[in-house]
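Next come the chains, spelled out residue by residue.
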Amino acid sequence: GKSCDMMAEIRTPGKKARLNVKEFLAAMANLDMNPYTREEDYPLVLSTTCRTWANLNTLYRDETWIRKNTQENSLRMNPGDASEQGLRDGDRARLTTRGGEGSVPVSLSEDVSPGCVFLSHGWGLSSRDPDTDPGEKRGVDAARFLCDEEGDVFSGMPFYSGVACRVEKAQD
């Protein structure tokens, strides 16, 4: 039968992992090691893997906590990048990637490097509070901005970080 040891297939008799897997090495050879260059249509880089105090684990599904503390996730960005688009803290912006677009509130922070923006995931879910209308959505689902065609060659998972994007003031 098969071993319960998940590493058994790659471990050598010396108990070290074998990393010279030909598919992995071929993928490594194709990596672009050049620094990121801003694209004209998508000059910023989006990451959806950030955590905030508002989305720790399943906290964002606690309706009482959400109503008291925050209503939706926001796009965190550097004040300089926001200023270039005429955006201020709390404004709504249109976030666009090759994968999708949507309206998000902006939250400015000096902690965000220029050229980068962050949108926490775990939002865009229907309310679970029986006292609210069924189907009420909280926040923006970060997955809508990911491009299925751009992802990990081994797992097929779309990239959640390093997503080229554009941020503009929303036209309400």
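Residues numbered from 1 in each chain as written. Predicted model: local features only at pLDDT ≥ 70, side-chain atom pairs only at ≥ 80, totals over all residues. Heavy atoms only, no water.

**Student:** Describe in detail the overall build of the chain, supporting the description with residues and values.
**Tutor:** Across its full length, the chain carries three helices and eight strands. When burial is assessed residue by residue, the chain has 33% of its 172 residues classed as buried. Pairs at least 24 apart in sequence give 69% of the contacts found in the chain among residues at least 6 apart. (Helix = DSSP H or I, 4+ residues; strand = E, 2+ residues; numbered from the N terminus. Buried < 20%, exposed > 50% of the residue type's maximum accessible area, 1.4 Å probe, protein only. Contact = heavy atoms within 4.5 Å.)

**Student:** Requested: an account of the pattern of salt bridges, with residues and values cited.
**Tutor:** Per the stated rule, a full pass over the model turns up five salt bridges. Two residues, Arg98 and Glu39, come together in a salt bridge whose shortest N-O distance is 2.9 Å. Residue Arg98 is found in the loop between β3 (92–97) and β4 (101–108), and its partner Glu39 is found in the loop between α1 (22–29) and β1 (44–47); the two are separated by 59 residues along the sequence. Across the pair Arg94 and Glu101 runs a salt bridge whose closest N-O atoms are separated by 3.7 Å. Residue Glu101 is classed as partly exposed on the basis of its relative accessible area, which comes to 45%. (Salt bridge = Lys/Arg side-chain N within 4 Å of Asp/Glu carboxyl O.)

**Student:** So what's going on with the confidence of the model for the chain? Residues and values would help.
**Tutor:** Mean pLDDT over the chain stands at 80; residues scoring 70 or higher make up 73%. Mean pLDDT values for the elements of the chain range from 63 in helix α2 (residues 63–69) up to 97 in helix α3 (residues 79–84). (pLDDT = per-residue confidence, 0-100.)

**Student:** Break down the nonpolar core for me, with residues and values.
**Tutor:** Judged by nonpolar contacts, the single largest core of 19 residues is most densely connected at Leu46, Leu75, Met77, Leu95, Val117, Leu119 and Val167. Contributing elements (two or more residues each) for this core: β1, β2 (75–77), β3, β4, β5 (116–119) and β8 (161–169). Contacts of Val167, omitting those with residues within four sequence positions, involve Leu44, Leu75, Met77, Gln85, Leu87, Ala93, Arg94, Leu95 and Val117. (Core = buried A, V, L, I, M, F, W, Y, C linked by side-chain atoms within 4.5 Å.)

**Student:** Quick rundown of a nonpolar patch on the surface? Include the residues and the values.
**Tutor:** Together, Phe24, Leu25, Met28, Leu31, Met33, Val153 and Phe154 make up a nonpolar patch on the protein surface, roughly 750 Å² of accessible area in all. Structurally, Met28 is set in helix α1. (Patch = residues over 30% accessible without salt bridge, like charges linked within 9 Å, V, L, I, M, F, W, Y side chains within 5 Å. Areas by Shrake-Rupley, 256 points an atom, 1.4 Å probe, with all protein chains shown as cover.)

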